[in-house]
Every structure is written in structure tokens, then in C-alpha cells.
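# Coordinate inspection notes
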Amino acid sequence: MSASHAVLRNCRVSARKARLVADQVRGMQVQKVLDLLALSTKRVARPIRKLVKSAISNAEVKNDREKAGIDVDNLVVSRIFVDEGASLWRIRARAQGRANWIQRRTSHITVELEER
């Protein structure tokens, strides 16, 4: 059972790009995750970092409300997964009056933290 979790819906980045960062942080301690994402050059690192901070905050609230006995310093990213979200369809003008459809992909990112 997870100590806490957080979900980010409709993040404007493709799931394929977000999975690259998610695979890096899976199984790591929370403080190392925050340090790694702060220095990462990937654009999706910033929303994932905010999501991990939100999950930590959710664990603190759960600890205060339910007296769960969660030690925030020992939290680990037990599960992080990225699902595809809805695609935004746009039109790009092409030569000779034609048009091409462009897909702007979104993703749903879920982080679950457990105490190790």
C-alpha cells in the first residue's frame, strides 16, 4: 500500500518523453529524486519535480490527519507511470492551399511514494 500519491493530468508533453525521466527516478529516495530533477535538462523534469513535492506534502497531511507514522525522510518513489492523455489536434498550413493535421500530445503522470 502506498504512503501517498499524486496525479498530474493533461501535462503538455508526450508520454514517450515523460517516460524517459520517469524511468530515471523510479525506486530512488525522494531527496535524491528532487536533486536529480532540479539539475535535469529535460522539460518534463520540472512538472515531475512539482508532482513529487505534492506527493510528499500529501504524505505529511496524511500523517497529521490519520497519525499514520510516516517518516517523510524515508520515502521512496515506489511507482511512477506515465499514460497517454487526450491529443489536441491542430492544423498547419502547407503549400498550394493544403493543410496538414498536427497532434499535440498530452500525458497523465502518477507518482506513488512508499516508506522504506
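The structure under discussion appears in the preceding block.
First, a word on scope: everything that follows refers to the structure included in this document.

Conventions adopted
- Residues numbered from 1 in each chain as written.
- Predicted model: local features only at pLDDT ≥ 70, side-chain atom pairs only at ≥ 80, totals over all residues.
- Heavy atoms only, no water.
- Helix = DSSP H or I, 4+ residues; strand = E, 2+ residues; numbered from the N terminus.
- Buried < 20%, exposed > 50% of the residue type's maximum accessible area, 1.4 Å probe, protein only.
- Polar contact = N/O pair within 3.5 Å; in protein donor to acceptor, adjacent residues only side chain to side chain.
- Contact = heavy atoms within 4.5 Å.
- Pairing = 2+ DSSP bridges.
- Axes fitted to C-alpha atoms, helices over the stretch in contact; angles between N-to-C directions.

## Some thoughts on the side chain of serine 4
For serine 4, the location among the structural elements is in strand β1 (residues 4-11). Take serine 4: its relative accessible area is 5%, and that puts it in the buried class. In this structure the side chain of serine 4 is engaged in a polar contact, spanning 2.8 Å, whose partner is the backbone oxygen of alanine 55. Not counting residues within four places of it along the chain, the set of residues in contact with serine 4 comprises Ala55, Asn58, Ala59, Val111, Glu112 and Leu113.

## Digging into the side chain of threonine 106
With respect to the element layout, threonine 106 can be found in the loop between β4 (99-104) and β5 (107-115). Engagement of the side chain of threonine 106 in a polar contact is seen with the backbone oxygen of alanine 86, the distance being 2.4 Å. Excluding anything up to four places from it in sequence, threonine 106 contacts Asn10, Cys11, Arg12, Val13, Glu84, Gly85 and Ala86.

## Let's talk about the sheet that holds β5
To summarise the sheet geometry, strands pair through backbone hydrogen bonds and adopt either a parallel or an antiparallel arrangement. The three strands lie next to each other as β1-β5-β2, forming an open sheet whose pairing is antiparallel. Each edge of the sheet is formed by a strand with only one pairing partner; in this case those strands are β1 and β2 (75-84). Averaged over all pairs of adjacent strands, the angle between their axes in this sheet comes to 15 degrees, without regard to strand direction. As judged from the nine bridges shared by β2 and β5, these two strands associate in the antiparallel manner. Across the sheet, the residue bridging to valine 82 is isoleucine 109, located in β5. Seen against the sheet, helix α1 (residues 15-25) touches β2 and β5 and runs at an angle of roughly 165 degrees to β2.

On their own, these measurements won't tell you what the molecule is for.
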